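Coordinates in review
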Amino acid sequence: MLTEKYKKLQSILREMKSVVVAFSGGVDSTFLLKAAVETLGTEQVLAVTADSESYPSSELEEAKKLAEKIGAKHQVIETSELAIPGYAENNKNRCYFCKSSLFDHLIPVMDEKGFQNVIYGVIADDMNEFRPGMKAAKEKGIRGPLQEADLYKEEIRELSKAFNLPTWNKPSLACLSSRIAYGEFITKEKLTKVEKAEDYLRSLQIRQVRVRTHQDIARIEVEPSDMAIVLNQHEQIVKQLQDFGYKYITLDLVGYQSGSMNKVLSI
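Conventions and cut-offs
Residues numbered from 1 in each chain as written. Predicted model: local features only at pLDDT ≥ 70, side-chain atom pairs only at ≥ 80, totals over all residues. Heavy atoms only, no water. Helix = DSSP H or I, 4+ residues; strand = E, 2+ residues; numbered from the N terminus. Rg over C-alpha atoms; globule rule 2.2 N^0.38 Å. Buried < 20%, exposed > 50% of the residue type's maximum accessible area, 1.4 Å probe, protein only. Contact = heavy atoms within 4.5 Å. Areas by Shrake-Rupley, 256 points an atom, 1.4 Å probe, with all protein chains shown as cover. Pairing = 2+ DSSP bridges. Axes fitted to C-alpha atoms, helices over the stretch in contact; angles between N-to-C directions. UniProt positions renumbered as here; feature names shortened; annotations may be inferred. 1 Å grid on protein atoms, 1.4 Å probe; cavity = no way out; pocket = protein on both sides within 12 Å on 5 of 7 lines; lining within 4 Å. Points joined across faces, edges and corners; volume = space filled by probe spheres on them. Nonpolar A, V, L, I, M, F, W, Y, C, P; charged D, E, K, R; others polar. Domains from an automatic or database assignment. Core = buried A, V, L, I, M, F, W, Y, C linked by side-chain atoms within 4.5 Å.

Quick look at the overall build of the protein chain now. For the protein chain, the count of helices and strands is 10 helices and seven strands. Taken over the C-alpha trace, the protein chain has a radius of gyration of 19 Å; the compact-globule value for 267 residues is 18 Å, and the two agree within 12%. Projected onto its principal axes, the C-alpha coordinates of the protein chain cover approximately 55 × 40 × 35 Å. Going through the 267 residues of the protein chain one by one, you find that 51% of them count as buried. Taking the contacts inside the protein chain whose residues are at least 6 apart along the sequence as the reference set, 73% of them involve residues at least 24 apart. As presented, the protein chain carries roughly 12700 Å² of accessible surface, and 51% of it is formed by carbon and sulfur atoms.

See the structure below:
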């Protein structure tokens, strides 16, 4: 069944002929880039990474290395979500504004370089979640071949492992703005604070982490198996996160949950 899905993905890509891949270096976009290069060849594929305030600098360096490993042509463009009208206000349509702006940057690259399509890493799992960015993609004619091939996250991880991609077991990514509570104004300072806090916690060998930010409160989400690390080193963690600017440090006993900020929304 998985082989058939991959064949379907290749068929979709062949029909597109040439593609610009919105490339973050996460599990999904890395696999999509690999599949595109394997199917269409290096000359018909361009990976483009948007470097912005909400994109961790460590991820940019990793994206460069991954594109090189895959053998893909790679271009980095500068963008700024905070300059997008409506984005910093951080309402439930934040992701719509972000993706709309991203695609507005990628479409001219596609036209200038002579490619025929822009594609991104939306997957089958996303169809059951609140993803305003999908509306922006539909409006601008941006396609998601992984979702069209009905590929789910665990299947993408399995295929990534078969292709020897180092991202096969990489924790899920999301932009830094997703850590800040809806309605709380987003600033570069807050994004930097989140990035520093999460980098520090990962340095403690915590695999998956989110530092959800509610004004001065850091609500740490980790997988249940890693909660002992946080509790055993709570004094150092409190001190470090307070140095970064948080006043109150909490551990969410539910554990890591993708999109947990969306619980407050009436969608």
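Now that the structure has been shown, the text picks up again.
On to the sheet that holds strand β7 (residues 248-251), then. Strand order in the open sheet formed by three strands is β5-β6-β7, with mixed pairing between adjacent strands. This sheet does not close on itself; its edge strands, each paired only once, are β5 (209-214) and β7. Across the sheet, the mean angle separating the axes of adjacent strands is 25° when strand polarity is ignored. As paired elements, strand β6 (residues 217-222) and β7 share four bridges and run parallel to each other. Its bridge partner lying in β7, I217 is registered against Y248. Strands β5 and β6 of the sheet are contacted by helix α8 (residues 188-202), whose axis makes an angle of about 145° with β5.

On to unusual backbone geometry. The backbone of N90 shows a phi angle near 65°, a positive value even though the residue is not glycine. With respect to the helices and strands, the residue N90 is situated in the loop between β3 (73-78) and α4 (94-113). Accessibility expressed as a relative area gives 0% for N90, which makes it buried. Of note in the backbone geometry, D150 takes a positive phi value of approximately 60° without being a glycine.

Mapped onto the present numbering, the UniProt feature "domain: NAD/GMP synthase" (unreviewed entry) falls at residues 15-81. Between the C-alpha atoms that bound residues 15-81 the distance is 32 Å, and the span itself is 45% helix and 25% strand.

So, about the layout of surface pockets. By volume, the second largest pocket amounts to about 220 Å³. If you trace the second largest pocket, you find 16 residues lining it, with E59, K170, P171, L173 and R202 closest to the centre. Those elements that provide at least two residues to the lining of the second largest pocket are α3 (57-70), α8 and β5. Looking at which element gives the most residues to the lining of the second largest pocket, the answer is α3, with three residues. Taken together, the residues of the lining of the second largest pocket sort by class into five nonpolar, three polar and eight charged. Mapping the lining of the second largest pocket onto the domain boundaries places at least three of its residues in each of domain 1 (1-163) and domain 2 (176-264).

Turning next to the nonpolar core. Judged by nonpolar contacts, the single largest core of 34 residues is most densely connected at L9, F31, L33 and L151. Looking at this core, the elements with two or more residues in it are α1 (2-16), β1 (19-22), α2 (27-40), β2 (45-51), α3 and α7 (153-162). Considering each element in turn, this core owes the most residues, eight residues, to α2. If sequence neighbours within four positions are ignored, L9 has contacts with F31, A35, P145, L146, A149 and L151. Among the nonpolar cores identified, the runner-up in size contains 23 residues, and V211, M227, V230 and Y246 belong to it.

Let us look at the UniProt feature "active site" (unreviewed entry) in the protein chain. The feature "active site" (unreviewed entry), as given by UniProt, occupies C175 in the numbering adopted here. Among the structural elements, C175 can be located in the loop between α7 and α8. The class of C175 is partly exposed, set by a relative accessible area of 25%. Leave out the neighbours within four places in its chain, and C175 touches S54 and Y87.

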